[in-house]
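# Overview (structure and organization)
This is what each chain is made of:
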Amino acid sequence: FLLTLQTLDSHRKDLEKIRQAMSNPAKKSALTGFMDRFSEGSDADRAKKLELKIDETEKNLNQRKDNLDEFTRNVHSEMKRFHKSKLSDFKSMLVHFATSQAEFHRKCSETWNSLLPHIQIAGEDGSGAGQPTSMAASTSPAQTVESVVMPRRESMDDVRLDSSQ
């Protein structure tokens, strides 16, 4: 596209020079006129040839501009499609992640609730023998875990973690 623009500009400058030379024949030397006749013909012939080249170059430029416009529209269309696809994919991943997290935490809650009676038995008399209290059946899983596990943590402050025991 840029090369075509440069070519068009060059042809227009050459045409302008020829037109100036045609309008001011006094500045032409006899040798230049003689050379013109045998090389490319008269200034009028060269001007016509350049005008044809300019027309052809302008058509070429317009075609390239149309191609560039079409390419730009296609790129914009593809970018919109890509962003929609990306948004859909991200939404799908987020829904899958949230679902898997909910399932994981549901299983964790079930596990803790199944362990709760064993924790209560082990902690009531210190020997590990005993029966689970009825508290597990009367409260929600979150209340049950907090009411049983949290006091145990507080009572475990006395436990030593060194290997000398």
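Please read all numbers here as calculations on a predicted model, not as lab measurements.

## Let's talk about the overall build of the protein chain
- Each helix and strand counted, the protein chain has 5 helices and 0 strands in total.
- Starting at the N terminus and ending at the C terminus, the protein chain contains elements arranged as α-α-α-α-α.
- Burial analysis of the protein chain (165 residues in total) assigns 13% to the buried set.
- In the protein chain, 59% of the contacts between residues at least 6 apart in sequence involve partners at least 24 apart.
- Surface summary for the protein chain: the accessible area is close to 13,400 Å², and the carbon and sulfur share equals 59%.

## Side note on the nonpolar core
- Of all hydrophobic cores here, the largest spans 7 residues; its members are Leu8, Leu15, Ile18, Ala47, Leu50, Ile54 and Leu61.
- Of all the secondary structure elements, the ones that give two or more residues to this core are helix H1 (2–23) and helix H3 (43–124).
- Here this core gets 4 residues from one element, more than from any other, and that element is H3.
- Excluding anything up to four places from it in sequence, Ile54 contacts Leu8, His11, Arg12 and Leu15.

## Details of the confidence of the model for the protein chain
- Per-chain confidence: the protein chain averages 75 in pLDDT, with 64% of residues scoring 70 or above.
- Least confident of the elements in the protein chain is helix H5 (residues 141–155), whose mean pLDDT is 46; most confident is H3, at 92.
- Of the regions scoring below 50 in pLDDT, residues 144–165 engages in 18 contacts with residues more than four places distant in sequence or in other chains.

## Observations concerning the environment of Leu3
- Along the chain, Leu3 turns up in helix H1.
- In the structure, Leu3 is positioned 58 residues away from Leu61 in sequence and 9.5 Å away in space, judged by C-alpha atoms.

About the thresholds
Residues numbered from 1 in each chain as written. Predicted model: local features only at pLDDT ≥ 70, side-chain atom pairs only at ≥ 80, totals over all residues. Heavy atoms only, no water. Helix = DSSP H or I, 4+ residues; strand = E, 2+ residues; numbered from the N terminus. Buried < 20%, exposed > 50% of the residue type's maximum accessible area, 1.4 Å probe, protein only. Contact = heavy atoms within 4.5 Å. Areas by Shrake-Rupley, 256 points an atom, 1.4 Å probe, with all protein chains shown as cover. Core = buried A, V, L, I, M, F, W, Y, C linked by side-chain atoms within 4.5 Å. pLDDT = per-residue confidence, 0-100.

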